[in-house]
Amino acid sequence: VQLVESGGGLVQPGGSLRLSCAASGFMFSSYYMSWYRQAPGKERELVAFITSAGDRTNYADSVKGRFTISRDNAKNTVSLQMNSLKLEDTAVYYCRAQHRTRDFDYWGQGTQVTVSS
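Just so it is clear, the model here is predicted, and its values are computed rather than measured. (Residues numbered from 1 in each chain as written. Predicted model: local features only at pLDDT ≥ 70, side-chain atom pairs only at ≥ 80, totals over all residues. Heavy atoms only, no water.)

J.: Explain the state of the cysteines here, please?
T.: Note on terminology: a disulfide is the covalent bond linking the sulfur atoms of two cysteines. Considering all chains together, one arrives at 1 disulfide under this definition. With its sulfur 2.2 Å from that of its partner, Cys21 forms a disulfide with Cys95. Here the S-S torsion is close to -80°, and the disulfide linking Cys21 with Cys95 is therefore left-handed. Of this pair, Cys21 sits in strand β3 (residues 17–24) while Cys95 sits in strand β9 (residues 91–99), placing them 74 residues apart in sequence. Exposure class is identical for Cys21 and Cys95. Each is buried. (Disulfide = S-S within 2.5 Å. Helix = DSSP H or I, 4+ residues; strand = E, 2+ residues; numbered from the N terminus. Buried < 20%, exposed > 50% of the residue type's maximum accessible area, 1.4 Å probe, protein only.)

J.: Any chance you could explain unusual backbone geometry here in plain terms?
T.: Glycine aside, residues mostly have negative phi, and peptide bonds are mostly found in the trans state. Phi at Asn76 takes a positive value of approximately 55°, unusual for a residue other than glycine. Within the secondary structure layout, Asn76 lies in the loop between β7 (67–72) and β8 (77–82). Even without a glycine there, the phi angle at Ser84 is positive, about 50°. Tracing the backbone through its elements, the reader meets Ser84 in the loop between β8 and β9.

J.: Explain the pattern of salt bridges here, please?
T.: A pair can form between side chains of opposite charge whenever their charged atoms are brought close. Scanning all chains against the criterion turns up 5 salt bridges. With a shortest N-O distance of 3.1 Å, Lys64 and Asp61 are connected by a salt bridge. The class of Asp61 is exposed, set by a relative accessible area of 67%. (Salt bridge = Lys/Arg side-chain N within 4 Å of Asp/Glu carboxyl O.)

Here you go:
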């Protein structure tokens, strides 16, 4: 099982980044997918969630209207489009897969997003 995030980097405030998470080794279409983030000295927090079919999404209040989660079950990928980035969005972003009915739970290794002028 692998979840490999990519797309992180350094961006100025107001800029955009698109994170991707490539999944392998499990039945991707049977899993809810989420993006989490963890800033230095803070707890890991849920950023965005998408159902296995991609028909429902949910977002943290702090990113609503700026971030969009999407998935492609044919390509086993989930993405996070991040617009209007703020300094406080700086964190390591993690991809998470949770089986919709069974206790299978996987995490990626994380990708650093730094918002700085």
